[in-house]
Amino acid sequence: MEHPELSREVARRRTFAIISHPDAGKTTLTEKLLLYGGAIRQAGSVKARKAAKYATSDWMEIEKQRGISVTSSAMMFDFDGYRINILDTPGHQDFSEDTYRTLVATDSAVMLMDCAKGVEEQTVKLFKVCRLRSIPIFTFVNKLDRAGKDPFELMEELEQVLGIRSCPVNWPIGVHGSDFKGVYHRDTRKVELYQGGNHGQSQVDVTEIDLDDPSLEQAIGKPYYDKLMEDVELLDVAGDPFDLDMILSGQLTPMFFGSASNNFGVEPFLKRFLEYTKSPTPRTSDQGIIEPTDEKFTGFVFKIQANMNPAHRDRLAFMRICSGVFEKGMSVWHSSSGKDIKLAQPQQFMAQEHETVDLAYPGDIIGLFDPGIFRLGDTLCTGAPVRYSGIPLFAPEFFCRVSPLDSMKRKQFLKGVQQLSQEGAIQTFKRPNIGREEMIAGVVGVLQMEVLEHRLKQEYGVDLVRESLPFRYVRWVDASPKPLEKLRLTSTTAIAEDSAQRPVLLFENEWSIRLAQENNEGLVLKETADRLEADAMM
Ligand code: G4P
């Protein structure tokens, strides 16, 4: 069927994730964005959900909250003619490989940081994944109502820690604490005055003064006026120019300053972000590049969420639409089975509820009922089969040797481990020299180990024995000058293989990785691997 509206729908779509370290204000910012979109009438509901979710760290409780986290995995709303899809990247204790995979389904990222803390650990990890895909990254420096680092220092930090140059789009006035005066918008040459007070529940009226307006000096006070003039001049000569091509290729990050909880700087940020950032991008398949405006429908599965009810094995598969038009009930070719399947009961996620969807377009996220047929990275398409170059496996950071308490239950144990590995909750490794029985589980976030233990017990009736291993890094061996046993490695480094029997090295520290590379010329190590048929090989 012809869809004349396809180009228009693609052009107005924006699909992105907010990446940040816990406590930088992601929940608050998300909530404010939804507020502007009219998706929620009152700020506070996302927060309430989060409070419910983190009231306990007990996995069972988190599992009970699953319905909630499903809803917040993708949020859709309209603003200024745009259709916006925000993908959630959980922080906190449920940080997992899922978080990384979600970034594969986005077209851009908003990097949020606390002005007093600058670039923090989790931001660095998420940034690296965005970098792999060269997606545009927009920086929002939050909590300007409180004392923070000098903004020039923050620009320096972006460059030193993340290796990305920045271009401030606006600039804060008064960053030492309670003296925050507002921001200067470099593109409009206007100062937006900070109103103070808590505007948390509503949108704020804006007071702007032109930079050349004589009343500005009085409005913000002479010392701040003088400092602003100095900064403006310095930025013009010393800063990077605004270059949209560089931004869209992920080489330059535009920087914004504001305060999410005070609703300050959020709307100017949102408007510029939506205008500058990309609509759904073309994606690479084994049949070449597919444009989002291609009539052929394509999409891929980037996340699989298990059912909260252990009595049911069905799951929810999240698909990102890449091209063409999605229609409820359509038949599509499914890459891992090689068969045609019908997409019934598709769901789309509004801010607070999910509802059945009839039509959807590239950039949109659809939840598909999954009786256990979907695999991460699966392509779904109409017409001739194509496959998107899968979702990579990301390096786990925690490793345990796992086995069933009752050796008679080994079969169920293997089945459960395979199932969880297919969902992408864990990765498995073996050390070939240590005996056939060993199974190592590797995860990105430590909570996933508890998930593994709990689900094996609940769903497979297996009591798990797990023993922590000291490794913190896995690297896939892309090329080696000699057999791995002959490499010069530190005594704490282990040789292992992943579930697709590809060679890997397990390291305890970065120093060992560096030594392995220095001492073995020609050794090529990678931080990610193709997902391949990793699951099928177990
Ligand atoms: P997260 O999702 O990134 O973890 O952060 P979240 O939004 O939960 O924000 C973490 C804390 O930072 C919250 O305070 C929140 O109110 C505060 N915050 C967010 N934006 C701003 C801001 O612009 N200025 C200031 N001063 N604080 C901000 P909390 O004490 O943990 O919770 P609450 O009692 O305020 O709800």
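Worth saying up front: this structure is predicted, and the values here are computed from it rather than measured. (Residues numbered from 1 in each chain as written. Predicted model: local features only at pLDDT ≥ 70, side-chain atom pairs only at ≥ 80, totals over all residues. Heavy atoms only, no water.)

1. Things to note about the side chain of Gln-427
This is how the line gets drawn: Each helix is a run of DSSP H or I of at least 4 residues and each strand a run of E of at least 2, with the numbering of both proceeding from the N terminus. The term polar contact refers here to a pair of N or O atoms within 3.5 Å; inside protein, the definition further demands a hydrogen-donor-capable atom paired with an acceptor-capable atom, and it admits residues adjacent in sequence only when both atoms are side-chain atoms. Any two residues having at least one pair of non-hydrogen atoms within 4.5 Å are treated as being in contact.
Mapped onto the elements of the fold, Gln-427 is located in strand β26 (residues 427–430). There is a polar contact of 3.0 Å between the side chain of Gln-427 and the side chain of Glu-97. Separated by 2.7 Å, the side chain of Gln-427 and the backbone oxygen of Phe-394 make a polar contact. Residue contacts for Gln-427: discarding those within four places in its chain leaves Glu-97, Leu-393, Phe-394, Pro-396, Ile-440, Ala-441, Gly-442 and Trp-476.

2. Observations concerning helix α6 (residues 97–104)
Since one α-helical turn is 3.6 residues long, residues separated by three or four positions face the same way. Put simply, the test is: Buried residues are those whose accessible area, probed at 1.4 Å on protein chains only, stays under 20% of the maximum for their type, while exposed residues exceed 50% and partly exposed ones sit between those limits.
In terms of burial, α6 is largely enclosed, as 8 of its 8 residues are buried. Taken together, the buried positions of α6 are Glu-97, Asp-98, Thr-99, Tyr-100, Arg-101, Thr-102, Leu-103 and Val-104.

3. Looking at the pairing of strand β18 (residues 339–342)
Using the following cut-off: Here a strand pair is declared whenever DSSP counts at least two bridges between the two strands.
When strand β17 (residues 331–334) meets β18, the two strands line up antiparallel, connected through 4 bridges. The residue of β18 that forms the bridge with His-334 is Lys-339. Between β17 and β18, which pair antiparallel and follow one another directly, the connecting turn spans 4 residues, one of which, Gly-338, has a positive phi of 75°.

4. Overview of the packing of aromatic side chains
Where we set the bar: Think of it this way: a Phe, Tyr or Trp ring, Trp meaning its six-membered ring, pairs with another when their centres are within 6.5 Å, and the plane angle makes it stacked under 30 degrees, edge-to-face over 60, tilted otherwise. Only when the NZ atom of a Lys or the CZ atom of an Arg is both within 6 Å of the ring centre and within 35 degrees of the ring normal do we say a charge sits over the ring.
Counted under the stated rule, the structure contains 18 aromatic pairs. Summarising the aromatic geometry, the rings of Phe-180 and Phe-264 are spaced 5.5 Å apart at their centres and angled 85° between planes, so their arrangement reads as edge-to-face. Within this pair, whereas Phe-180 is found in the loop between β7 (170–173) and β8 (182–185), its partner Phe-264 is found in the loop between β11 (252–257) and α12 (266–276), the two being separated by 84 residues in sequence. Of the two residues examined, Phe-180 and Phe-264, each falls in the buried class. Their ring planes at 55° and their centres at 4.9 Å tell us that Phe-242 and Tyr-276 sit as a pair that is tilted. Taken together, the positions of Phe-242 in the loop between α10 (222–238) and α11 (244–248) and Tyr-276 in helix α12 put the pair 34 residues apart, joining distant regions of the chain. Assessed through its relative accessible area of 36%, Phe-242 is described here as partly exposed. Within the aromatic cluster, the residues linked to one another by ring pairs are Phe-16, Phe-138, Phe-140, Phe-256, Phe-269 and Phe-273. Its end group placed over the ring of Phe-318, Lys-303 keeps NZ or CZ at 5.8 Å from the ring centre.

5. Side note on the environment of Cys-115
Counting through the fold element by element, Cys-115 comes out in the loop between β4 (108–114) and α7 (121–132). In this structure the C-alpha to C-alpha distance between Cys-115 and Lys-143, which are 28 residues apart in sequence, comes to 6.0 Å. Not counting residues up to four positions away in its chain, the partners in contact with Cys-115 are Val-141, Asn-142, Lys-143, Leu-144, Arg-146, Ala-147, Gly-148, Lys-149 and Leu-154.

6. Description of the sheet that holds strand β2 (residues 74–79)
Defined as follows: Only the stretch in contact is used when a helix axis is fitted, and all axes are lines through C-alpha atoms; the angle between N-to-C directions ranges over 0 to 180 degrees.
Within the open sheet, the 7 strands sit side by side as β2-β3-β1-β4-β5-β11-β6. Their pairing is mixed. Unpaired on one side and paired on the other, β2 and β6 (165–168) mark the two borders of the sheet. Strand after strand, the sheet turns through a mean of 30° between neighbouring axes, direction not considered. In the sheet, β4 pairs with strand β5 (residues 137–142) via 6 bridges, with the strands oriented parallel.

7. Describing the sheet that holds strand β27 (residues 440–443)
Pairing is antiparallel across the open sheet formed by 8 strands, whose spatial order is β28-β25-β27-β26-β30-β31-β29-β32. At either margin of the open sheet sits one strand with a lone partner, and together these are β28 (464–469) and β32 (524–526). Strand-to-strand, the axes of this sheet are offset by a mean angle of 40°, without reference to chain direction. Bridge count for strand β25 (residues 398–404) against β27 is 4 bridges, and the pairing is antiparallel. Considered in β27, the bridge of Phe-398 is made with Val-443.

8. Remarks on the pattern of salt bridges
We apply this condition: For this document, the term salt bridge refers to a Lys or Arg side-chain nitrogen within 4 Å of an Asp or Glu carboxyl oxygen.
This structure, assessed with the given rule, holds 34 salt bridges. A salt bridge links Asp-114 to Lys-143; the nearest nitrogen and oxygen atoms lie 3.5 Å apart. Of the two residues, Asp-114 is situated in strand β4 and Lys-143 in the loop between β5 and α8 (151–162); the sequence distance between them amounts to 29 residues. Taking the relative accessible area as the measure of exposure, Asp-114 reaches 6% and is therefore buried. Linked through salt bridges whose partners overlap, the residues forming this network are Arg-8, Glu-9, Arg-12, Arg-13, Asp-78, Arg-83 and Asp-364.

9. Re the environment of Lys-303
Mapping Lys-303 onto the fold places it in strand β14 (residues 298–306). Note on Lys-303: relative accessible area 8%, which makes it buried. In the structure, Lys-303 is positioned 64 residues away from Gly-367 in sequence and 9.3 Å away in space, judged by C-alpha atoms. Side-chain polar atoms of Lys-303 contact the side chain of Asp-98, separated by 3.3 Å.

10. Examining the packing of α6 against α7
Note the threshold: For any helix crossing, the convention is left-handed if the near helix is rotated counterclockwise from the far helix by under a right angle, and right-handed if that rotation is clockwise.
Following both chains from N to C, one finds α6 and α7 inclined at 35°, their axes separated by 9 Å at the closest point. Here α6 and α7 pass one another in a crossing that is right-handed. Seen from α6, the contacting residues are Thr-99, Tyr-100 and Leu-103; seen from α7, they are Lys-125, Leu-126, Val-129 and Cys-130.

11. Structural notes on helix α13 (residues 410–423)
Under the convention used in this document: The span expected for a helix works out to 1.5 Å for each residue beyond the first.
With 14 residues, α13 extends 20 Å between its outermost C-alpha atoms, agreeing within 8% with the 20 Å of an ideal straight helix rising 1.5 Å per residue. Residues of α13 that are buried: Phe-413, Gly-416, Val-417, Gln-419, Leu-420, Ser-421, Gln-422 and Glu-423. Taken from the residues just after α13, Gly-424 is the one with a positive phi, measuring 85°.

12. A few points about the side chain of Asp-364
Relative to the assigned elements, Asp-364 resides in the loop between β21 (359–360) and β22 (365–370). Owing to a relative accessible area of 1%, Asp-364 belongs among the buried residues under this scheme. When residues no more than four places from it in sequence are discounted, the contact partners of Asp-364 are Arg-13, Arg-83, Asn-85, Met-319, Arg-320, Ile-321 and Gln-348.

13. Some details on unusual backbone geometry
One non-glycine residue, Asp-23, lies in positive phi territory at about 80°. Of note, Asp-23 is situated in the loop between β1 (13–19) and α2 (26–36). Residue Asp-23 is classed as exposed on the basis of its relative accessible area, which comes to 53%.

14. Quick look at the pairing of strand β9 (residues 190–193)
Relative to β9, β8 runs antiparallel, the two sharing 4 bridges. Residue Gly-182 lies in a different strand from β9, and its bridge partner there is Leu-193. Between β8 and β9, which pair antiparallel and follow one another directly, the connecting turn spans 4 residues, one of which, Arg-189, has a positive phi of 55°. Sheet topology places β9 next to strand β10 (residues 208–210); 3 bridges connect them, and they run antiparallel. Looking at β10, one finds that Lys-190 is bridged to Asp-210.

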